[in-house]
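# Chain and residue survey
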Amino acid sequence: MSNHTKKRILKSVVESMMTYGAEGWTLVEGQKTKILAVEMDGIRRSARVSRLERRRNEEVRQMMDMEETVVERIERRALQWYGHVRRMEDDRWPKTLLEWSPSGRRKRGRPRTTWRGEIHRLMNGRGLEEEKWRDRQEWRMGIQGNR
């Protein structure tokens with residue numbers, strides 16, 4: 001089987017199951033590490049490269065022509081979803097829930113990472129401004145530009 005076919009199978013079967021509904025996830029570093037490890041295991045298996053060969057992940061990725069990681073694709077999909085929801089009409093449920101802020105007191109301790117906070121972190125990392133989501137082409141170019 002060719003590397004191209006193996007790559008397509010890996011993306012269509014394994015990655016689609018692994019990232020179902022990932023647009024709404026808030027990933028912490030430990031979760032990102034585990035997701036990357038599962039992806040790298042699949043890439044190594046499809047490339048038939050054992051860990052005992054002690055070849056770097058970057059080298060195996062280049063061999064299989066898979067430069068973009070699954071975490072980067074998850075982040076890009078989350079930004080696409082954010083832009084999509086922001087462009088929705090105000091009476092739609094996703095838009096209402098995105099803008100909703102619960103009342104009341106929070107629990108003690110460090111606040112959890114929120115999805116909205118993660119989106120703003122991703123936007124800052126890609127140089128996207130808050131109102132760029134209004135122009136679909138500009139938003140898409142800003143998301144794709146950091147690959």
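Refer to the structure above for everything that follows.
Below is a summary of the structure that appears in this document. (Residues numbered from 1 in each chain as written. Predicted model: local features only at pLDDT ≥ 70, side-chain atom pairs only at ≥ 80, totals over all residues. Heavy atoms only, no water.)

### Quick look at empty space enclosed by the protein
All told, the structure shown has two cavities of 30 Å³ or more when counted by the stated rule. Empty space within the largest cavity amounts to approximately 80 Å³. Around the largest cavity sit Ala-22, Glu-23, Trp-25, Leu-27, Lys-32, Ile-74, Glu-75, Ala-78, Trp-115, Glu-118, Ile-119 and Leu-122, which together line it. Secondary structure elements with two or more residues in the lining of the largest cavity: α4 (70–86) and α6 (115–126). Among the elements that take part in the lining of the largest cavity, α6 stands out by supplying four residues, more than any other. Looking at the lining of the largest cavity, its residues break down into eight nonpolar, no polar and four charged. (1 Å grid on protein atoms, 1.4 Å probe; cavity = no way out; pocket = protein on both sides within 12 Å on 5 of 7 lines; lining within 4 Å. Points joined across faces, edges and corners; volume = space filled by probe spheres on them. Helix = DSSP H or I, 4+ residues; strand = E, 2+ residues; numbered from the N terminus. Nonpolar A, V, L, I, M, F, W, Y, C, P; charged D, E, K, R; others polar.)

### Here we look at unusual backbone geometry
Phi at Arg-48 is positive, roughly 60°, even though this residue is not glycine. Mapped onto the secondary structure, Arg-48 falls in the loop between α2 (29–47) and α3 (57–64).

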